[in-house]
6 protein chains.
Amino acid sequence: MERVVIKLTGKVFSPENVKTLTELARVITEFKRGRAKVAVVVGGGETARRYINMALEAGISLGWQDILGIGASRLNAMLFSAMLGDHAYYPVPTRIEDFIHAWNMNKIAVGGGLQPGQSSNAVAASLAELLNAELLVNATTVDGVYERDPRVEPNARILKELTIDDLKRVLMQSYTPGRYELIDPVALSIMERASLNVVFINAFKPYMLRSVLSGERTYGSWIKP
Amino acid sequence: MERVVIKLTGKVFSPENVKTLTELARVITEFKRGRAKVAVVVGGGETARRYINMALEAGISLGWQDILGIGASRLNAMLFSAMLGDHAYYPVPTRIEDFIHAWNMNKIAVGGGLQPGQSSNAVAASLAELLNAELLVNATTVDGVYERDPRVEPNARILKELTIDDLKRVLMQSYTPGRYELIDPVALSIMERASLNVVFINAFKPYMLRSVLSGERTYGSWIKP
Amino acid sequence: MERVVIKLTGKVFSPENVKTLTELARVITEFKRGRAKVAVVVGGGETARRYINMALEAGISLGWQDILGIGASRLNAMLFSAMLGDHAYYPVPTRIEDFIHAWNMNKIAVGGGLQPGQSSNAVAASLAELLNAELLVNATTVDGVYERDPRVEPNARILKELTIDDLKRVLMQSYTPGRYELIDPVALSIMERASLNVVFINAFKPYMLRSVLSGERTYGSWIKP
Amino acid sequence: MERVVIKLTGKVFSPENVKTLTELARVITEFKRGRAKVAVVVGGGETARRYINMALEAGISLGWQDILGIGASRLNAMLFSAMLGDHAYYPVPTRIEDFIHAWNMNKIAVGGGLQPGQSSNAVAASLAELLNAELLVNATTVDGVYERDPRVEPNARILKELTIDDLKRVLMQSYTPGRYELIDPVALSIMERASLNVVFINAFKPYMLRSVLSGERTYGSWIKP
Amino acid sequence: MERVVIKLTGKVFSPENVKTLTELARVITEFKRGRAKVAVVVGGGETARRYINMALEAGISLGWQDILGIGASRLNAMLFSAMLGDHAYYPVPTRIEDFIHAWNMNKIAVGGGLQPGQSSNAVAASLAELLNAELLVNATTVDGVYERDPRVEPNARILKELTIDDLKRVLMQSYTPGRYELIDPVALSIMERASLNVVFINAFKPYMLRSVLSGERTYGSWIKP
Amino acid sequence: MERVVIKLTGKVFSPENVKTLTELARVITEFKRGRAKVAVVVGGGETARRYINMALEAGISLGWQDILGIGASRLNAMLFSAMLGDHAYYPVPTRIEDFIHAWNMNKIAVGGGLQPGQSSNAVAASLAELLNAELLVNATTVDGVYERDPRVEPNARILKELTIDDLKRVLMQSYTPGRYELIDPVALSIMERASLNVVFINAFKPYMLRSVLSGERTYGSWIKP
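No experiment lies behind these values; they were computed from the predicted model shown.

Q: An account of the overall build of chain A is needed here, citing residue identities and associated values.
A: The helix and strand inventory of chain A stands at 8 helices and 8 strands. Within chain A, the proportion of its 225 residues that are buried is 56%. Counting only contacts in chain A whose residues sit at least 6 apart along the sequence, the fraction spanning at least 24 positions is 70%.

Put into structure tokens, the structure is as follows:
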């Protein structure tokens with residue numbers, strides 16, 4: 001595998017997870033060394049939450065709250081870029097064109113959100129399409145896609161392999177809406193139109209990322225395009 | 001009314017409509033003179049179609065086709081900017097930040113699409129939210145929102161006033177999908193979350209734009225937020 | 001007074017101070033309305049601390065820690081810009097040239113740090129010099145410059161007026177180094193070479209800012225150039 | 001040969017020539033693989049014509065018509081960049097500095113015009129000079145430089161080799177001015193001052209480009225510097 | 001008169017002419033105050049000469065020598081911008097789009113050259129066309145266009161008024177080529193195609209500029225379009 | 001040695017030193033070929049002096065004088081970039097981020113000053129810290145750090161090796177302040193906090209640079225971190 005886009009949940013960017021972050025950076029750097037191409041999109045996490053809440057309290061619109069969330073995701077991207085050292089594309093990309101630029105230049109671009117009303121999952125899916133990626137790795141807070149919401153049904157199993165239609169069905173299932181957000185509709189529709197190879201893994205378990213990048217299918221939930 | 005975002009269909013950008021375009025530019029310039037604030041988003045129209053088709057034939061991905069469509073919409077934006085003379089913000093905005101910049105600077109920004117997988121309608125709705133616009137004018141190829149597809153049922157009436165929910169119902173109605181595209185789901189959801197005032201008018205009838213900008217409610221279909 | 005540069009301590013950018021922030025934004029907006037010119041420099045505060053600590057734990061150099069602190073100060077600047085609405089220069093300035101640009105365009109630029117190894121106080125002083133400001137307002141966490149460290153000697157008085165040399169003497173006094181940092185040597189030397197008018201006030205008391213901007217000398221410590 | 005600038009006529013950018021375009025892209029990509037350096041300048045073609053005519057009808061100045069023509073040439077450049085895949089420098093260069101940047105970075109920059117009043121031929125010649133190119137390939141609509149206008153005299157022969165002075169003489173010959181425009185005076189003067197190696201070939205015959213890039217002198221008209 | 005483009009010879013940018021420069025800046029600032037629009041293009045002068053000579057000695061190509069000359073003209077533009085204070089558009093424009101931007105924003109852009117192989121006279125003429133200027137002031141080292149080279153024939157008279165064709169005839173006259181360079185062919189052709197109003201005055205006599213900007217026709221040589 | 005930042009005194013950028021400059025460029029290019037990474041910071045020299053004096057005479061502030069000095073140093077950087085040919089990162093970096101970008105892209109960035117109130121020595125030290133350089137070469141007008149001011153005491157010896165504290169002591173010694181400026185306090189403090197390896201050599205003796213880059217410790221004064 002030589003062309004990979006990785007989405008990292010913003011939740012991993014917090015003081016108690018610095019070791020996880022440095023380990024994720026090491027895995028990606030090692031993968032890159034072997035002439036592979038990588039782009040990384042990170043979420044806003046706790047910092048985004050903090051600024052969105054301040055904006056909300058100040059009566060600032062949802063659109064501007066999105067912009068602050070994007071700003072927070074870029075701060076996370078700066079930190080992760082610093083961890084990648086010379087391999088990183090710097091400064092942090094702020095337009096889709098910057099990601100393409102970095103990819104063609106053979107550097108690892110680490111970016112966050114790009115536009116209000118567009119999730120970082122949608123950015124990652126769009127990039128995977130544009131960059132003709134062989135795999136989109138979606139590293140979240142859980143080990144994969146569960147047949148049922150694992151917080152409600154602790155015995156729910158992870159689906160090792162599923163189609164886009166399976167994924168839609170799982171996402172639309174009966175549990176409380178908004179509680180278990182793996183992926184949004186826009187990201188989903190890009191995944192579908194571009195027939196992307198996607199795997200969902202846990203960002204807090206860097207060995208899963210190493211395994212997936214080495215071509216194994218041991219961990220995570222794999223979407224059959 | 002002092003804060004307006006206007007979406008112009010790309011279909012009006014063709015050699016046979018130059019008079020319509022210059023008339024639209026005149027209406028907007030006159031409105032602007034009275035200290036109003038305006039931002040304009042234009043579609044890609046025929047030029048977009050042309051380049052997307054070439055890309056398709058060459059086996060280039062949907063994501064890149066979107067990028068070419070965006071490029072075409074920016075060419076339309078350049079032409080319309082030239083028609084606005086000194087009132088235009090130039091060069092053509094390529095990021096949402098540029099639109100905000102121009103608005104705060106009190107110039108008319110004319111831009112096109114911004115990101116693959118995001119319609120120019122979504123850009124316009126997002127801007128209306130960020131800029132705290134009093135009205136989003138959606139100038140399309142028809143006089144407003146019809147209760148039924150006017151191409152199928154010639155007697156269908158225009159709905160003078162409707163709620164977002166009415167609009168959704170109309171859009172989801174039984175006629176052939178994809179044929180009668182007023183607005184996409186992302187644009188719709190921004191309209192909803194930001195409680196935008198929206199009116200649909202016909203871009204090919206510039207007197208409708210003049211009427212709407214002067215505060216009248218004679219033409220078009222008005223969405224009650 | 002028509003030309004003012006304001007430095008806001010980053011410490012005011014936290015969830016419990018949103019009301020203070022919106023009040024500061026209101027004071028500045030009102031001042032601006034009267035054709036005055038303003039530029040604002042904000043610090044990184046808690047967010048900077050958070051990212052610098054993560055970088056430190058990850059073994060990232062002091063230079064990159066500065067860059068992350070700058071990134072955090074820019075996130076604060078984004079939030080404050082959103083509070084200023086149409087009056088703000090947007091996007092957030094990242095070079096000294098952007099500040100000059102915004103000033104000449106008559107918009108309020110809100111920025112953070114610019115370069116590793118340079119404090120936001122130094123940025124504010126440099127701006128005040130370049131923009132030929134009549135006053136540099138340094139809004140910190142205390143009500144002014146105390147004759148002695150107020151945390152050590154609770155009865156220490158605020159100096160109403162002092163020369164640059166007085167200020168240097170106070171800063172170099174016998175209390176624990178690093179504990180009471182009003183201003184760094186680089187900022188101090190620019191203040192001196194440019195004979196800047198400077199006042200130190202408390203950012204957490206917005207009425208002080210309003211008073212100072214209205215031309216009164218009721219609050220704060222004033223530096224005689 | 002390792003350093004080549006290629007000028008492609010804008011006329012090749014139309015729906016009926018997509019196969020020619022993809023073939024030209026393939027030839028350039030293969031050449032690039034062997035560590036060669038390439039920069040490409042494309043004209044505006046039919047799209048430029050379309051927008052220039054609209055501007056003309058709207059009473060917009062010749063200067064702005066040039067700018068629209070430049071915009072159209074950049075849209076062509078975007079399409080051709082997409083065809084080059086990872087080898088392309090992206091986004092499309094808009095300043096001469098971007099071309100130099102791309103060249104030094106070892107990527108293929110595909111750009112269009114740069115300034116009103118300057119032809120894309122002049123851009124290509126200027127680049128060949130700045131980049132110290134071994135060859136400037138001028139791919140037009142005809143097989144080379146004819147001793148007389150081939151549209152007037154069908155038996156006119158192609159000149160295999162000619163000096164700059166020969167070229168000037170041919171261009172100034174008696175046939176109707178403006179009808180047979182191979183090259184403009186500014187481009188010509190740069191070719192002369194920089195003693196450039198130039199070959200004129202037919203863009204619609206990609207095998208000519210392949211032959212020329214492989215070092216053969218079978219096709220086209222060669223200018224002796 | 002409300003729309004003026006001014007070309008200042010680079011020769012006025014030298015230590016012995018600082019008073020002339022500040023006087024020119026004062027004249028332009030006063031003119032600007034009355035709601036007029038101005039753009040300024042400056043040449044490279046002695047500094048350009050210095051760097052071009054160094055490049056020449058180092059064996060660097062004419063194209064790069066042009067780029068250094070452009071760099072020098074921008075340094076002159078920086079100095080002149082500083083003299084204009086808040087009225088200046090800053091940073092110095094480096095693309096034609098920046099000049100348009102500044103003009104529409106109502107600020108005075110002071111720029112230098114833009115592209116290798118293009119004179120600053122051509123930049124000024126192109127701007128005058130794009131910005132729809134009422135007058136292009138060409139401030140050189142002499143008082144106007146002489147009927148014959150004043151250095152050869154000291155009694156040569158200044159032509160108060162002349163057509164573009166007269167100007168061409170004068171420029172092509174028999175005196176030594178290259179010695180008396182008022183204007184280059186590209187600038188001339190833009191002046192012609194755009195029917196520009198042009199006046200040639202002496203940059204070293206700021207009262208001439210003041211007179212011309214106040215609408216008088218007392219000094220200089222005026223081109224009838 | 002594979003990671004080096006070089007500071008070149010601006011004094012070497014003058015017509016009589018073109019041979020020295022081309023020789024310095026050759027030494028750096030050869031070093032770069034062997035996969036090493038290099039960044040270069042140059043001073044403003046005579047050109048800076050010239051423009052600063054003009055600004056001073058025109059009554060322009062010290063801050064703007066700094067900006068003009070920075071502009072001059074960038075002109076020097078353009079000239080030196082042209083000498084490096086394809087190895088140079090172009091255009092000249094104007095932000096610290098551009099230097100990092102170029103470094104990660106494996107090109108030689110040649111830049112000048114970045115901010116008013118910050119010396120080019122401080123820029124070079126900051127870069128050496130950020131880029132994790134193995135050596136910072138400070139090429140000045142003398143052969144190294146003298147135990148006493150060589151202009152006052154001709155027999156003063158060069159210190160082959162010294163600590164940061166030794167360096168501080170030498171700089172603070174009794175001779176006339178301001179006369180013998182090797183390094184400023186900000187640069188010194190970055191050198192100290194980052195424990196940089198630094199060597200002071202003579203820019204006018206390119207063999208010293210060659211020797212130092214080849215890993216020898218024959219010439220110059222070496223700072224023990």
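Q: Give me the lowdown on the arrangement of the chains, citing residues and values where you can.
A: Taking C-alpha atoms only, the smallest gap left between chain C and chain D, which are not in contact, amounts to 20 Å. With no contact between them, chain A and chain E keep their nearest C-alpha atoms 20 Å apart.

Q: Pulling in residues and values, what's your account of helix α7 (residues 185–193) of chain A?
A: Along α7 of chain A, the residues classified as buried are Val186, Ala187, Leu188, Ile190 and Met191 of chain A. On the buried face of α7 of chain A, the contacting elements are α5 (120–130), α6 (164–172) and β7 (198–202) of chain A together with α7 (185–193) of chain B. Among the residues trailing α7 of chain A, serine 195 of chain A stands out with phi positive, at a value near 50 degrees.

Q: Describe the packing of helix α5 (residues 120–130) of chain F against helix α7 (residues 185–193) of chain F, naming the residues involved and giving the relevant values.
A: Residues and elements named next belong to chain F. In the contact formed by α5 and α7, the axes pass within 8 Å of each other and the chain directions differ by 15 degrees. For the element pair α5 / α7, the angle class is roughly parallel. Of the two possible hands of crossing, α5 and α7 adopt the one that is left-handed. Residue-level contacts link Asn121, Ala122, Ala125, Ser126 and Glu129 of α5 to Val186, Ala187, Ile190 and Met191 of α7. Classifying every residue of the contact of α5 with α7 gives 6 nonpolar, 2 polar and 1 charged.

Q: Got a sec to walk through the interface of chain B and chain A? Specific residues and values, please.
A: Listed per partner, the contact involves 20 residues of chain B and 20 residues of chain A. At 4 residues, helix α5 (residues 120–130) of chain B tops the list of elements feeding residues into the side of chain B that touches chain A. Here the residues of the side of chain B that touches chain A sort into 10 nonpolar, 7 polar and 3 charged.

Q: Before we move on, could you go through the sheet that holds strand β1 (residues 3–8) of chain C and cite the residues and values that matter?
A: All names here are of chain C. On the basis of which strands lie adjacent, the open sheet formed by 8 strands has the order β3-β4-β2-β1-β5-β7-β8-β6 and mixed pairing. Two strands bound the open sheet, and with one partner strand each, they are β3 (88–89) and β6 (161–163). Sheet strands touched by helix α3 (residues 62–84): β2 (37–42), β3 and β4 (108–111). Its angle to β4, the strand with the most contacts, is close to 150 degrees. Along the sheet, helix α4 (residues 96–104) contacts β2, β3 and β4; its crossing angle with β4, the most-contacted strand, is approximately 160 degrees.

Q: For the interface of chain B and chain E, give the residues involved together with the corresponding values.
A: Each partner contributes to the interface: chain B provides 7 residues, whereas chain E provides 5 residues. Residue composition of the side of chain B that touches chain E, by class: 5 nonpolar, no polar and 2 charged.

Q: Talk me through the sheet that holds strand β5 (residues 135–140) of chain D; I want residue IDs and the actual numbers.
A: Residues and elements named next belong to chain D. On the basis of which strands lie adjacent, the open sheet formed by 8 strands has the order β3-β4-β2-β1-β5-β7-β8-β6 and mixed pairing. Every interior strand has two partners, whereas the edge strands, β3 (88–89) and β6 (161–163), have only one. Note that β5 and strand β7 (residues 198–202) share 5 bridges and pair parallel. For alanine 139, the partnering residue across the bridge sits in β7 and is isoleucine 201. The strands that helix α6 (residues 164–172) touches are β6 and β8 (221–224); relative to β6, the one it contacts most, it runs at about 90 degrees.

Cut-offs and rules
Residues numbered from 1 in each chain as written. Chains lettered and ligands numbered in written order. Predicted model: local features only at pLDDT ≥ 70, side-chain atom pairs only at ≥ 80, totals over all residues. Helix = DSSP H or I, 4+ residues; strand = E, 2+ residues; numbered from the N terminus. Buried ≥ 20, exposed ≤ 12 C-beta atoms within 10 Å, placed from the backbone. Contact = placed C-beta atoms within 7 Å. Axes fitted to C-alpha atoms, helices over the stretch in contact; angles between N-to-C directions. Parallel < 35°, antiparallel > 145°, perpendicular 65-115°, else oblique. Left-handed = near helix turned anticlockwise from the far one by under 90°. Nonpolar A, V, L, I, M, F, W, Y, C, P; charged D, E, K, R; others polar. Pairing = 2+ DSSP bridges.

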